[in-house]
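Chain by chain, the residues run as shown.
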Amino acid sequence: LSREGYDKICHVMLADDQLLEGGNPRPGFGTEDFYVVLFGEPSAVNPWGFQLDGHHLGLNLSIHGDKITLAPSHTGAQPVKFKIGDKEIRPLAAENDVAFELVGSLNEDQQRAAILSDSRGNLAAGPGNDQIPTLNGVACETFTASQLDLLEQLIVEWVGILPPEPAQLRMNALKQEYSDMKFGWRGGTTNGNDIYYSIQSPTLLIEYAAQDREANHIHTIYRDPTNAYGGQLERK
């Protein structure tokens with residue numbers, strides 16, 4: 001993973017420790033209840049897969065030579081912030097803050113297209129649901145340069161989990177899809193509101209959904225409908 005991706009994954013896992021009662025073991029929760037699974041045999045040339053799985057984390061890396069994808073992967077957090085010593089940690093800080101900055105930057109016409117409901121929604125393509133929906137929202141081809149910069153910052157929070165080189169290759173490809181990309185929003189537009197948003201293009205689906213009114217429990221999903229579990233790596 002990238003340095004930033006490694007930190008994010010560790011923080012997701014550490015957030016889970018906050019759900020333990022008095023630090024005592026609890027089935028399905030805590031950093032002691034995550035598992036690594038290997039698919040195939042790790043190789044520099046042949047395809048193989050790596051999965052890190054636990055509560056609020058399903059990281060799927062499909063690898064073939066120097067090609068790598070993390071689609072599909074699930075990240076989440078509960079609580080959304082906590083302290084270790086004097087340090088406050090927010091595992092999904094930018095996924096939240098940059099999204100509110102982006103929706104706040106939209107003009108009236110853009111917000112009218114982007115905001116689909118005053119109430120939050122839930123993941124349409126979360127774990128166990130591999131049907132890719134057609135989501136609505138504002139066309140990203142209407143975005144200004146500064147709005148596209150925010151959109152890029154947002155997407156990088158998922159794509160940037162990968163090492164720098166494959167992450168940059170993926171971002172370069174996604175920038176070519178801005179004309180076919182949509183950004184949809186459900187809920188209020190004040191940071192701290194419980195919200196849902198989606199970013200969708202031909203090879204991308206990102207969803208972010210608060211699971212409670214306090215926005216203290218978040219689920220997200222990252223998918224590539226054309227390359228689930230590395231299905232295209234060998235062909236490309």
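It should be emphasised that the depicted structure is a prediction, and the values quoted were computed from it without experimental measurement.

Caption draft 1: View of unusual backbone geometry. Going from Ala 71 to Pro 72, the amide bond is cis rather than trans, its omega being -5 degrees. Here Pro 72 shows up in the loop between strand 4 (67–69) and strand 5 (73–77). Cis geometry marks the peptide bond from Gln 78 to Pro 79, where omega comes out at 0 degrees. Of note, Pro 79 is situated in the loop between strand 5 and strand 6 (82–84). Despite not being glycine, His 56 shows a phi value in the positive range, around 65 degrees. Not every positive phi belongs to a glycine, and Tyr 229 is a case in point at roughly 55 degrees. Along the chain, Tyr 229 falls in the segment after strand 13 (218–223).

Caption draft 2: Looking closely at helix 2 (residues 93–105). With 13 residues, helix 2 should reach 18 Å at 1.5 Å per residue; the first-to-last C-alpha distance of 18 Å fits that figure. Of the positions making up helix 2, those classed as buried are Glu 95, Asn 96, Val 98, Ala 99, Phe 100, Leu 102 and Val 103. In the core, the buried residues of helix 2 are packed alongside helix 1 (3–17), helix 3 (108–114), helix 4 (145–159), strand 10 (182–186), strand 11 (196–201) and strand 12 (204–210).

Scoring rules and cut-offs
- Residues numbered from 1 in each chain as written.
- Predicted model: local features only at pLDDT ≥ 70, side-chain atom pairs only at ≥ 80, totals over all residues.
- Heavy atoms only, no water.
- Helix = DSSP H or I, 4+ residues; strand = E, 2+ residues; numbered from the N terminus.
- Expected span 1.5 Å × (residues − 1).
- Buried < 20%, exposed > 50% of the residue type's maximum accessible area, 1.4 Å probe, protein only.
- Contact = heavy atoms within 4.5 Å.

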